[in-house]
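# Reading the structure
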Amino acid sequence: MRLKGKKAIITGAATGIGLETARRFAEEGAQVVLSDIDSAGVAAAAGEITGAIAIAAEMDVEETHIRA
């Protein structure tokens, strides 16, 4: 648990490398915020993460508008 007590925001976390990064961070003990422009996809991705705090947020980092 190398990341216990840490918090991370992962962009592009609905699929692919972003999702795998969020999973790995959570496995290592981090609390994670998964963000993506795909609100349904990121909500589903956050729901897949077990054993850690995982929150989904719709976010377009290009526009810097956050909807939680």
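The following paragraphs examine the structure supplied in this document. (Residues numbered from 1 in each chain as written. Predicted model: local features only at pLDDT ≥ 70, side-chain atom pairs only at ≥ 80, totals over all residues. Heavy atoms only, no water.)

### Remarks on the nonpolar core
In this structure, Ile-10, Ala-22, Val-32, Leu-34 and Ile-49 are the most contacted members of the largest nonpolar core, which totals 14 residues. Sorting the residues of this core by element identifies β1 (7-11), α1 (16-27), β2 (31-36) and α2 (39-48) as the ones contributing at least two each. Non-local contacts of Val-32, meaning those with residues more than four positions away in its chain, are made with Ala-8, Ala-22, Phe-25, Ala-26, Ile-49, Ile-53, Ala-54 and Ile-55. (Core = buried A, V, L, I, M, F, W, Y, C linked by side-chain atoms within 4.5 Å. Buried < 20%, exposed > 50% of the residue type's maximum accessible area, 1.4 Å probe, protein only. Helix = DSSP H or I, 4+ residues; strand = E, 2+ residues; numbered from the N terminus. Contact = heavy atoms within 4.5 Å.)

### Here we look at the pattern of salt bridges
Considering all chains together, one arrives at 5 salt bridges under this definition. Of the charged contacts, one joins Arg-23 and Glu-48 as a salt bridge, the two residues approaching to 2.4 Å between their closest N and O atoms. Taken as a pair, Arg-23 in helix α1 and Glu-48 in helix α2 lie far apart in primary sequence, 25 residues in all. Overall, Arg-23 belongs to the partly exposed group, its relative accessible area being 27%. (Salt bridge = Lys/Arg side-chain N within 4 Å of Asp/Glu carboxyl O.)

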